[in-house]
Amino acid sequence: MASHLEKLLALLKVDRVDKYLFTGRSPKFPPRVFGGQVLAQSLNAAIRTVDDDGRMPHSLHAYFLRPGNPKKQIVYEVDPIRDGRSYTTRRVVAKQDGIAIFSTSVSFHIHEQGFEHQFAMPKVPEPEELEDDFDYWTKMSVEHPERFKTPSGQAFYRRPVVRRDFLDPQPEEPVQNYWFQLVDPIGDEPILHQTVLAYISDHTLLGAALLPHPATGRSKELSMASLDHAIWFHRDFRADDWLFYECKVQSTGNGRGLAFGRIYDREGTLVASTSQEGLLRVRNK
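The structure reproduced in this document is the subject of the present report. (Residues numbered from 1 in each chain as written. Predicted model: local features only at pLDDT ≥ 70, side-chain atom pairs only at ≥ 80, totals over all residues. Heavy atoms only, no water.)

1. Quick look at the overall build of the chain
On a plain count of helices and strands, the chain comes out with 5 helices and 12 strands. Scaling as 2.2 N^0.38, a compact globule of 285 residues should have a C-alpha radius of gyration of about 19 Å, and the chain matches this with 19 Å. Relative to its full complement of 285 residues, the chain shows a buried share of 47%. Expressed as a percentage of contacts within the chain between residues at least 6 apart in sequence, the contacts between residues at least 24 apart total 70%. Carbon and sulfur atoms form 50% of the exposed surface of the chain, whose accessible area is close to 15200 Å². Here the chain carries 36 positive and 38 negative side-chain charges, and the mean point of each set is 8 Å from the other. (Helix = DSSP H or I, 4+ residues; strand = E, 2+ residues; numbered from the N terminus. Rg over C-alpha atoms; globule rule 2.2 N^0.38 Å. Buried < 20%, exposed > 50% of the residue type's maximum accessible area, 1.4 Å probe, protein only. Contact = heavy atoms within 4.5 Å. Areas by Shrake-Rupley, 256 points an atom, 1.4 Å probe, with all protein chains shown as cover. Lys, Arg positive; Asp, Glu negative; His and termini not counted. Charge placed at Lys NZ, Arg CZ, Asp CG, Glu CD.)

See the structure below:
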């Protein structure tokens with residue numbers, strides 16, 4: 001039986017139908033397709049239309065247009081809008097039933113030498129000192145079976161520096177930090193590590209936007225959805241080594257939340273940055 005990580009890697013790779021046309025599938029559970037999945041599959045489709053001459057994705061800017069149906073196949077149409085000497089750009093539109101549910105632009109760049117600068121990584125406990133999400137949610141499902149389900153497994157470890165109180169959430173400082181790492185090695189192909197990072201990057205930003213408020217992503221009175229997402233890849237990294245994700249909330253208002261993230265390797269090197277605005281709508285009772 002395939003492991004959870006093997007299933008995830010197979011899920012994120014799309015099938016080629018034509019030179020610029022791909023299809024992807026989803027886990028068949030409701031209510032909608034996870035945004036990180038469409039991000040990663042779109043990136044995988046774009047990558048496979050670019051010449052293998054050392055060009056690597058350095059930025060991705062995406063919009064979530066409609067909820068995806070996990071019971072239906074997703075078609076990815078890639079538009080090769082630019083092939084330059086050092087930069088390449090691809091536009092990808094994901095569709096179901098001929099209607100766009102997601103669009104993104106991905107820019108590729110050949111490695112160059114230049115100035116170097118980065119924000120310093122905050123000082124936080126090492127991942128070995130922190131409780132893993134899988135262990136926490138397993139314990140919560142035993143103590144509160146009426147509210148929480150037992151996790152079925154995990155493709156990556158995730159260990160928050162400060163864990164939210166999901167039983168009685170209170171307003172907190174709008175910063176969420178955690179370590180993550182794939183449960184097993186996945187080889188040395190850098191693009192595979194970028195694809196996995198795109199998937200994982202969508203797990204926390206919208207939830208972090210709720211920190212200043214007495215609510216969590218599990219609050220029934222909330223309607224939540226990603227509206228847009230951006231990733232900048234700065235330096236090489238491995239997703240099967242520990243990475244630190246620092247998420248800071250910029251603003252919540254008008255039924256939306258905006259958060260920014262920085263991802264560091266264990267040595268403190270800034271390897272990627274992210275941003276996301278999402279829907280945070282309070283339902284009428």
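2. Notes on unusual backbone geometry
Unlike most non-glycine residues, aspartate 97 shows phi in positive territory, near 55 degrees. Position of aspartate 97 relative to the elements: it lies in the loop between strand S5 (87-96) and strand S6 (99-109). Of note in this structure, asparagine 254 is not a glycine but carries a positive phi near 55 degrees. Along the chain, asparagine 254 turns up in the loop between strand S10 (243-253) and strand S11 (256-265). Here asparagine 254 falls in the exposed class, since its relative accessible area comes to 75%.

3. Some details on the side chain of histidine 109
Locating histidine 109 in the fold gives a position in strand S6. Only 2.9 Å separates the side chain of histidine 109 from the side chain of glutamate 112, close enough to count as a polar contact. In contact with histidine 109, other than residues within four places in its own chain, are Gly54, Arg55, Met56, His58, Ser86 and Tyr87. (Polar contact = N/O pair within 3.5 Å; in protein donor to acceptor, adjacent residues only side chain to side chain.)

4. Considering the nonpolar core
Core analysis: the biggest nonpolar cluster contains 60 residues, and Tyr76, Phe102, Phe180, Leu182, Leu197, Ile200 and Ile263 have the highest contact counts within it. In terms of residues, this core owes the most to one element, helix H2 (residues 35-47), which gives 7 residues. If we ignore the near neighbours within four places in the chain, the residues touching leucine 197 are Phe180, Phe233, Phe237, Leu243, Ile263 and Ala272. (Core = buried A, V, L, I, M, F, W, Y, C linked by side-chain atoms within 4.5 Å.)

5. Let's talk about helix H4 (residues 190-200)
Taking burial as the measure, the 11 residues of H4 include 9 buried ones, the bulk of the element. Among all positions of H4, only Ile191, His193, Gln194, Thr195, Val196, Leu197, Ala198, Tyr199 and Ile200 are buried.

6. Some remarks on the packing of aromatic side chains
In the structure shown here, the tally under the stated rule is 13 aromatic pairs. Among the aromatic residues, ring-to-ring pairing joins Tyr136, Trp137, Phe148 and Phe166 into one connected group. Sitting over the ring of tyrosine 178, arginine 158 keeps its end group 5.0 Å from the ring centre. (Phe/Tyr/Trp six-rings, centres within 6.5 Å; stacked < 30°, edge-to-face > 60°. Lys NZ or Arg CZ within 6 Å of the ring centre and 35° of its normal.)

7. Some details on the pattern of salt bridges
Inspection of every chain in the model, using the stated rule, returns 19 salt bridges. With its nearest N and O atoms 3.6 Å apart, the salt bridge here joins glutamate 131 to arginine 163. Separated by 32 residues along the polypeptide, glutamate 131 in the loop between S6 and helix H3 (133-143) and arginine 163 in the loop between strand S7 (156-160) and strand S8 (175-182) bring together distant segments of the chain. Its relative accessible area of 33% is what places glutamate 131 among the partly exposed residues. (Salt bridge = Lys/Arg side-chain N within 4 Å of Asp/Glu carboxyl O.)

8. Section: the layout of surface pockets
Quantified by volume, the second largest pocket comes out at close to 740 Å³. Lining the second largest pocket are 24 residues, with His109, His111, Phe233, His234 and Arg235 positioned closest to its centre. Elements supplying a minimum of two residues to the lining of the second largest pocket: strand S3 (56-64), H4 and strand S9 (222-233). Per-element tally for the lining of the second largest pocket: the top contributor is S3, with 3 residues. Grouping the constituent residues of the lining of the second largest pocket by class yields 10 nonpolar, 10 polar and 4 charged. (1 Å grid on protein atoms, 1.4 Å probe; cavity = no way out; pocket = protein on both sides within 12 Å on 5 of 7 lines; lining within 4 Å. Points joined across faces, edges and corners; volume = space filled by probe spheres on them. Nonpolar A, V, L, I, M, F, W, Y, C, P; charged D, E, K, R; others polar.)

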